[in-house]
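# Commentary on secondary and tertiary structure
Here's the letter readout for the chains.
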Amino acid sequence: MIDIVVPFYGRVDYLAETVDSVLAQDDPAWRLTVVQDGEHAGLTTSDWERRRSDPRVRWVTNPHRLGLPGNFQRSLDLVEHDWCVFPGCDDVLLPSYVRTVRQVLSSRERVDMVLPGVRVMDAESSPSTPLADRVKTLLRRRHGRGDLSGERLATSLMHGNWLYFPALCWRSARITPIGFRQDLPTTLDLALAAQVVLAGGVLALTEVEAFRYRRHGLSESSRAAATRARFAEEQRLFEELQASFEAAGWTDAARAARWHVTSRVHRGLAHVARLWPTGAPWASAPGAR
């Protein structure tokens, strides 16, 4: 069984699409929990009651607003099965997601994380390939299929976090003792993955596409990316991880954490965007994309 837990605070129409994608799974070995971080208009209509009537679906409302990291921890606290995934409340699971993950697990003896193939879409659910995701694709292609662990995986993630956290299925027993960092609201995904890797966790990759990740300007991650606070938080995390990798004797991973190249490039692009909020001066050049 896989616990699919959706921390919700945002657009109800996107959440409806996410929930319906879970209900459409062709493998029934799942249980869905939606964790509302406060009340939201539209969740008590008859249409939502139809979705709630499925015995595999439960709805939890936090008594007060916990914020993004608090709601993720609350979601983790609600996990009861051996495996769990935390899709965004604007993402979509393809009907084969649960089946794909379970097929990977059945073919591996020791796995702690499973990442299927992911397609990126925009606010209107159309295919999208922004620069960040083209970079993620290039970094992932270095590994192809198979299992990754140890310093090799840590070094790769320090060069650039190519994981799609909402699509990752985790071994619950591996992440429950770690939890989500409450002081890292925009990098809690990388912090968790790094701690799992340091603890000996194994990541299994499959190229079978089973998840659609929505990237749009109103998402929590997009809003956070536009702030200087995000980069200060990233710097602090990389410094912590550098020290942890050095203590583990992972010199390549420590070096990659010290330089964190893609994070520095991202910071530079964000600075350019602040200087030219209506578009960089070269953006209108012929053929520029």
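Residues numbered from 1 in each chain as written. Predicted model: local features only at pLDDT ≥ 70, side-chain atom pairs only at ≥ 80, totals over all residues. Heavy atoms only, no water.

### Observations regarding the packing of aromatic side chains
Note the following rule: Stacked, edge-to-face and tilted labels apply to pairs of Phe, Tyr and Trp rings (six-membered ring for Trp) whose centres lie within 6.5 Å, assigned for plane angles under 30 degrees, over 60, and everything in between, in that order. Each helix corresponds to a stretch of at least 4 residues labelled H or I by DSSP, and each strand to a stretch of at least 2 residues labelled E; elements are numbered beginning at the N terminus. Accessible area is worked out with a 1.4 Å probe on protein chains only. A residue is then buried under 20% of its type maximum, exposed over 50%, and partly exposed in between.
Across all of its chains, the model carries nine aromatic pairs by this definition. For the ring pair Phe72 and Phe165, a centre distance of 5.8 Å and an interplane angle of 55° mean the geometry is tilted. Remark: Phe165 occurs in the loop between α6 (150-159) and β8 (169-171) and Phe72 occurs in helix α3 (residues 67-77); sequence separation between them is 93 residues. For the pair formed by Phe72 and Phe165, the shared burial category is buried. Centroid distance Phe86 to Phe165: 6.5 Å. Interplanar angle 5°. Geometry classified as stacked. Residue Phe86 is located in the loop between β4 (83-85) and β5 (92-93), and its partner Phe165 is located in the loop between α6 and β8; the two are separated by 79 residues in the primary sequence. Each member of the pair, Phe86 together with Phe165, is buried.

### A look at unusual backbone geometry
Of note, the phi angle at Ser125 is positive, near 70°, even though the residue is not glycine. Inspection of the secondary structure puts Ser125 in the loop between β6 (113-121) and α5 (131-141). Residue Ser125 is classed as partly exposed on the basis of its relative accessible area, which comes to 31%.

### Here's the deal with the pattern of salt bridges
Counted only if it meets this: Here, a salt bridge means any Lys or Arg side-chain nitrogen found within 4 Å of an Asp or Glu carboxyl oxygen.
Scanning the entire structure with this criterion turns up 20 salt bridges. Among the ionic pairs, Arg174 bridges to Asp112, the shortest N-O distance being 3.2 Å. On the criterion of sequence distance, the pair formed by Arg174 in helix α7 (residues 172-175) and Asp112 in the loop between α4 (97-106) and β6 is long-range, its members being 62 residues apart. For Asp112, a relative accessible area of 5% puts it in the buried group. A salt bridge links Arg181 to Glu240, with the nearest nitrogen and oxygen atoms 3.1 Å apart.

### Section: the nonpolar core
Filter applied, for reference: Nonpolar cores were defined as sets of buried Ala, Val, Leu, Ile, Met, Phe, Trp, Tyr and Cys residues, with membership established by side-chain atoms within 4.5 Å. Residues count as neighbours in contact if any of their non-hydrogen atoms are within 4.5 Å of one another.
The biggest cluster of nonpolar side chains holds 75 residues, and the ones touching the most others in it are Phe86, Trp162 and Trp170. Sorting elements by how many residues they give to this core places helix α8 (residues 188-198) first, with eight residues. Other than its neighbours up to four places away in sequence, Phe86 contacts Val5, Phe72, Ser75, Leu76, Val79, Phe165, Pro166, Leu168, Trp170, Ile175 and Phe180.

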